[in-house]
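Listed here are the chains, written in short residue letters.
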Amino acid sequence: MKVLDLQCAQHHVFEGWFGSEDDYQSQLTRGLLNCPMCGDANVSKKLSAPRLNLNATEAADNATPTSPSLQDVANLEPAQLQAALLKMVRHLVANTEDVGNSFPEEARKMHYGEAEARNIRGHATPEETEGLIDEGIAVMPLPLPDVLKEPLQ
């Protein structure tokens, strides 16, 4: 298994896992590689060094899960911040129901007890979002590139 550092033309950095160099070249040639942040198909390999994780078991045993502080997040490198954002967005997509353009109606139904409360996401215009907020309905606009709404291959 080869793990390659890849970068799109917009300078988003991400990892790609391939069976071999030929597998990477084949996927690149066939246009199957896209940036997970923006969907850009102009992807290239970055210079990277192999990493041997010889103490992985020991490190995992000694790790204590903690929530990062605001200072910790502010000190992240851009690639680490991007990875954290991708992880959060994937968690959000996996744990919400996409109600599409009926988001404002579904949010109102849940708020007023006409529908069972559940985690939803969807589309709303700025005006619809403002109306929901004015009614006291907690919503958070989060623009997601379409590529992040799809399962990873």
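Structure: above.
Here's a quick rundown of the structure. (Residues numbered from 1 in each chain as written. Predicted model: local features only at pLDDT ≥ 70, side-chain atom pairs only at ≥ 80, totals over all residues. Heavy atoms only, no water.)

## A look at the overall build of the protein
Tallying secondary structure elements over the protein gives six helices and five strands in all. For the protein, the N- to C-terminal ordering of α and β elements is β-β-α-β-α-α-α-β-α-β-α. When each of the 153 residues of the protein is scored for burial, the buried share is 23%. Considering only contacts in the protein between residues 6 or more positions apart, those separated by 24 or more positions represent 46%. Counting only carbon and sulfur atoms, one obtains 53% of the accessible surface of the protein, whose full area is about 11,200 Å². (Helix = DSSP H or I, 4+ residues; strand = E, 2+ residues; numbered from the N terminus. Buried < 20%, exposed > 50% of the residue type's maximum accessible area, 1.4 Å probe, protein only. Contact = heavy atoms within 4.5 Å. Areas by Shrake-Rupley, 256 points an atom, 1.4 Å probe, with all protein chains shown as cover.)

## Things to note about helix 4 (residues 78–94)
The first and last C-alpha atoms of helix 4 sit 24 Å apart over 17 residues, in line with the 24 Å expected at 1.5 Å per residue. For helix 4, every residue scored as buried is listed here: Q82, L86, V89 and V93. Buried residues of helix 4, seen end-on, are gathered within an arc of 70 degrees and therefore sit on one face of the element. Exposed and oriented more than 90 degrees from the buried face of helix 4 are K87, H91 and A94. Packing partners of the buried residues in helix 4 comprise strand 2 (13–18) and strand 5 (120–121). (Expected span 1.5 Å × (residues − 1). Arc of directions from axis to C-beta.)

## As for the packing of aromatic side chains
Counted by the stated rule, this structure contains one aromatic pair. Summarising the aromatic geometry, the rings of F18 and Y24 are spaced 5.3 Å apart at their centres and angled 75 degrees between planes, so their arrangement reads as edge-to-face. An identical accessibility class is assigned to F18 and Y24; each is buried. (Phe/Tyr/Trp six-rings, centres within 6.5 Å; stacked < 30°, edge-to-face > 60°.)

## Some points on the pattern of salt bridges
Under the definition given, this model contains six salt bridges. In this structure, E106 and R118 form a salt bridge, with 2.8 Å as the shortest nitrogen-oxygen distance. One end of the pair, E106, is in helix 5 (residues 103–111); the other, R118, is in the loop between helix 5 and strand 5, and twelve residues separate them in sequence. (Salt bridge = Lys/Arg side-chain N within 4 Å of Asp/Glu carboxyl O.)

## Topic: a nonpolar patch on the surface
Nonpolar side chains collect at one region of the surface, where L85, M88, M140 and L142 lie side by side and expose about 360 Å² of accessible area between them. Topologically, L85 is positioned in helix 4. (Patch = residues over 30% accessible without salt bridge, like charges linked within 9 Å, V, L, I, M, F, W, Y side chains within 5 Å.)

## A short note on helix 5
Every buried residue of helix 5 is listed here: F103, P104, E106, A107 and M110. Down the axis of helix 5, the buried side of the element spans an arc of 165 degrees, and every buried residue falls inside it.

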